[in-house]
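Architecture at a glance
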Amino acid sequence: PPACSVSALGRRSSDSILSHDSVMSLARSISTLAFVVSAVVHLGLVQSAGGLLDSCNAFGFVGVSAEECHAITTSVQRTGGQAEKDMLALAFAAMRGECCQ
């Protein structure tokens, strides 16, 4: 049998209501459920603006319309330096990351 300690109340530690394994199983289940709910909510909110198919549609929450986003993207692609292009790529990658969470 596993080693047990005796508490001040005379109960062995292995007699606890929830074992370590059941607590970890419960925590894993709650964590998984939270992840699934979060993913569904994020996907729903982003796709409600059409952001999964076109990231420019998802910048509306910061006041940039899809048309403005497309104009900015076109301008940076034509006249921007490498730093500007990298910054634009980072903005879109971050948006895609948020969309795919």
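Just so it is clear, the model here is predicted, and its values are computed rather than measured.

1. Brief notes about the state of the cysteines
Applying the stated criterion to the full structure yields 1 disulfide. A sulfur-sulfur distance of 2.1 Å marks the disulfide that ties C56 to C69. What sets the handedness of the C56 and C69 disulfide is the S-S torsion sign, and at about -65° it is left-handed. Remark: C69 occurs in helix 2 (residues 66-79) and C56 occurs in the loop between helix 1 (20-48) and helix 2; sequence separation between them is 13 residues.

2. Some remarks on the confidence of the model for the protein chain
Interpretation of this model should avoid reading the predicted coordinates in detail wherever pLDDT is low. Mean pLDDT over the protein chain works out to 76, with 67% of the residues at or above the 70 mark. Helix 3 (residues 82-99) is the least confidently modelled element of the protein chain, averaging 77 in pLDDT, while helix 2 averages 90, the highest of any element.

3. What to know about helix 2
Taking 1.5 Å per residue as the helical rise, helix 2 with its 14 residues ought to reach 20 Å, and the 20 Å between its terminal C-alpha atoms agrees with that figure. What helix 2 keeps buried is the set A66, C69, T73 and V76. Within helix 2, the buried residues cover an arc of 95° as seen down the axis, which keeps them to one side. Of the exposed residues in helix 2, the ones pointing more than 90 degrees away from its buried face are E67, R78 and T79.

The rules we used
Residues numbered from 1 in each chain as written. Predicted model: local features only at pLDDT ≥ 70, side-chain atom pairs only at ≥ 80, totals over all residues. Heavy atoms only, no water. Disulfide = S-S within 2.5 Å. Helix = DSSP H or I, 4+ residues; strand = E, 2+ residues; numbered from the N terminus. pLDDT = per-residue confidence, 0-100. Expected span 1.5 Å × (residues − 1). Buried < 20%, exposed > 50% of the residue type's maximum accessible area, 1.4 Å probe, protein only. Arc of directions from axis to C-beta.

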